[in-house]
Amino acid sequence: AVLLANNLRGARGMPGVVVHGWAVLGCLLVVLATAASLAFAYLGVPLLDRAPALALHVALAAYGFMGLLAFGMSYILVPMFALSAAPDERQALASCALVVVALALAALAAFGVAPLPLRVVALAIGSVAVALHLRLMHQALRSGMRRELGRSFTLVRIGWVSLVASLVAALAVVLDAPLAGAPTLFGLALVGGWLLTFVLGILQRILPFLASMHAPRRAKRSPTPSSLSSDRPLALHFYCHLAALAGLALAVLADSPPIATGAAGVGALGAAAFAAFFLILLRRMRGAGPLARSGTASVA
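Residues numbered from 1 in each chain as written. Predicted model: local features only at pLDDT ≥ 70, side-chain atom pairs only at ≥ 80, totals over all residues. Heavy atoms only, no water.

Turning to the pattern of salt bridges, a few remarks are in order. One pass over the structure, following the stated rule, counts 1 salt bridge. Put simply, Asp231 and Arg151 hold a salt bridge, and the shortest N to O gap is 2.4 Å. Taken together, the residues span a long stretch of sequence, with Asp231 in helix H9 (residues 231-254) and Arg151 in helix H6 (residues 150-174) at a distance of 80 residues. (Salt bridge = Lys/Arg side-chain N within 4 Å of Asp/Glu carboxyl O. Helix = DSSP H or I, 4+ residues; strand = E, 2+ residues; numbered from the N terminus.)

Right, let's talk about the layout of surface pockets for a bit. What the largest pocket holds in volume is close to 690 Å³. Every residue lining the largest pocket is counted, 31 residues in all, and those nearest its centre are Ala59, Tyr63, Leu123, Ala170 and Phe186. For the lining of the largest pocket, the leading source of residues is helix H3 (residues 50-82), giving 10 residues. Of the residues assigned to the lining of the largest pocket, the class counts are 28 nonpolar, 2 polar and 1 charged. The calculated volume of the second largest pocket comes to roughly 410 Å³. Lining of the second largest pocket is provided by 18 residues; of these, Gln204, Arg205, Pro208, Pro225 and Ser226 occupy positions nearest its centre. Contributing elements (two or more residues each) for the lining of the second largest pocket: H3, H6, helix H7 (182-214), helix H8 (225-228) and H9. If you tally residues by element for the lining of the second largest pocket, the top one is H7, at 4 residues. (1 Å grid on protein atoms, 1.4 Å probe; cavity = no way out; pocket = protein on both sides within 12 Å on 5 of 7 lines; lining within 4 Å. Points joined across faces, edges and corners; volume = space filled by probe spheres on them. Nonpolar A, V, L, I, M, F, W, Y, C, P; charged D, E, K, R; others polar.)

Take unusual backbone geometry next. If you check the backbone angles, Met14 has positive phi at about 50° while not being a glycine. In this structure, Met14 sits in the loop between helix H1 (2-9) and helix H2 (15-41). Relative accessible area serves as the criterion here: at 37%, Met14 is assigned to the partly exposed category. (Buried < 20%, exposed > 50% of the residue type's maximum accessible area, 1.4 Å probe, protein only.)

What follows is about the packing of aromatic side chains. One pass over the full model with this rule turns up 5 aromatic pairs. Ring plane angle 75° and centroid distance 6.3 Å describe the contact between Phe71 and Trp194, whose orientation is recorded as edge-to-face. With Phe71 in helix H3 and Trp194 in helix H7, this pair connects stretches of sequence that are 123 residues apart. Here the two residues Phe71 and Trp194 agree in accessibility, since each one is buried. Here the aromatic rings of Phe81 and Phe153 are separated by 6.1 Å at their centres, their planes lie at 80°, and the arrangement is edge-to-face. (Phe/Tyr/Trp six-rings, centres within 6.5 Å; stacked < 30°, edge-to-face > 60°.)

Per the counting criterion, the structure on display carries 1 cavity of 30 Å³ or more. Space inside the largest cavity adds up to approximately 50 Å³. Around the largest cavity, the lining residues are Met14, Gly16, Val17, Tyr75, Ala86, Pro87, Asp88, Glu89 and Ala92. Elements with a minimum of two residues in the lining of the largest cavity: H2 and helix H4 (89-110).

On to helix H10 (residues 257-286), then. Compared with the 44 Å implied by 1.5 Å per residue over 30 residues, the 43 Å span of H10 between its first and last C-alpha is a close match. For H10, the full list of buried residues reads Ala263, Gly270, Ala273, Phe274, Phe277, Leu281, Arg284 and Met285. (Expected span 1.5 Å × (residues − 1).)

Looking now at the confidence of the model for the protein. Scored by pLDDT, the protein has a mean of 89; 94% of the residues are at 70 or more. Ignoring residues within four places in sequence, the model shows residues 289-300, a span with pLDDT below 50, making 12 contacts including any to other chains. (pLDDT = per-residue confidence, 0-100. Contact = heavy atoms within 4.5 Å.)

Taken as a whole and judged by the stated rule, the model has 0 disulfides. In this structure Cys96 is a free cysteine whose sulfur lies 8.7 Å from that of Cys27, the closest cysteine sulfur available. For Cys96, a relative accessible area of 2% puts it in the buried group. (Disulfide = S-S within 2.5 Å.)

Time to look at H9. With 24 residues, H9 extends 34 Å from end C-alpha to end C-alpha; this agrees with the ideal 34 Å at 1.5 Å per step. Within the sequence span of H9, burial applies to Pro233, Leu234, Ala235, His237, Phe238, Cys240, His241, Ala244, Leu245, Gly247, Ala251 and Val252. Packing partners of the buried residues in H9 comprise H6, H7 and H10. After H9 finishes, the residue Asp255 shows a positive phi value of roughly 50°.

At a minimum axis separation of 13 Å, H3 and H6 run at an interaxial angle of 145°. At the point where H3 passes H6, the crossing takes the left-handed sense. Contacts between H3 and H6 involve Tyr63, Phe71, Val78 and Phe81 from the first element and Phe153, Trp160, Leu163, Ser166 and Leu167 from the second. Residues that form the contact of H3 with H6 fall into these classes: 8 nonpolar, 1 polar and no charged. (Axes fitted to C-alpha atoms, helices over the stretch in contact; angles between N-to-C directions. Left-handed = near helix turned anticlockwise from the far one by under 90°.)

The subject of this paragraph is a nonpolar patch on the surface. Residues Phe40, Leu43, Val45 and Leu47 make up a contiguous nonpolar surface patch of about 410 Å² in total accessible area. By the secondary structure assignment, Leu43 is in the loop between H2 and H3. Residue classification places Leu43 among the exposed residues on the basis of a relative accessible area of 63%. (Patch = residues over 30% accessible without salt bridge, like charges linked within 9 Å, V, L, I, M, F, W, Y side chains within 5 Å. Areas by Shrake-Rupley, 256 points an atom, 1.4 Å probe, with all protein chains shown as cover.)

The structure is reproduced here in structure tokens:
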């Protein structure tokens, strides 16, 4: 947090990203405070009542800290991968402001201030913020010179769909809709569908890029990101991850522990495949000289 704050203070340009960064830090402070309160509750000295502390923690951790971080970094990474122009700064700032307003209303509702109306309004404002953000992302992908971004951006798009689904599930929870397992589906869409799927898609793109930058310079040119990556583990991870998400959703709707266990096993296999991708990446990065590169290519 201190490192990020120092970087933000010295930032010049890209005000949309910088504002997202400051909002992320503010949310992180609240997340840490509520986490401390929930932890101290087990010692009999809660800093806040459990209900408001939990409501604040969930909203500001998932949609505030991690959500705004994903939004802000997307304004850099998505245009970089798609080779498109930077998104409109005013619209990015408007999206960020709407998210902050929605989180503030959710915080008031957590403390018992007109909880039902404020939560509904917060979700409505948050939905507008998400729609604006996704519009900017769609424009970046549509106008980019690189149109085919592979499975990694299929995961990113599924993450965006899951973000919208999490807002729908949150509304069902707020309105106490007669939907079996609505709170669990909300958690699955929010954490597994949105945050995890999005970050896994981005990591598949950014890790080979960073590895190529830090590979040993034993030749005139650095190794390309594609030469350091490995497609087979990523393909296995892709299908396992999606099957696990679908299986968990089915398990919630059917209230079936065996289906959940099977989905967890498939997800674990996908996680192992992603770990293999990362280990292969490290091995190729460390042996990226002219002789080693030909050897790792034959292994692939």
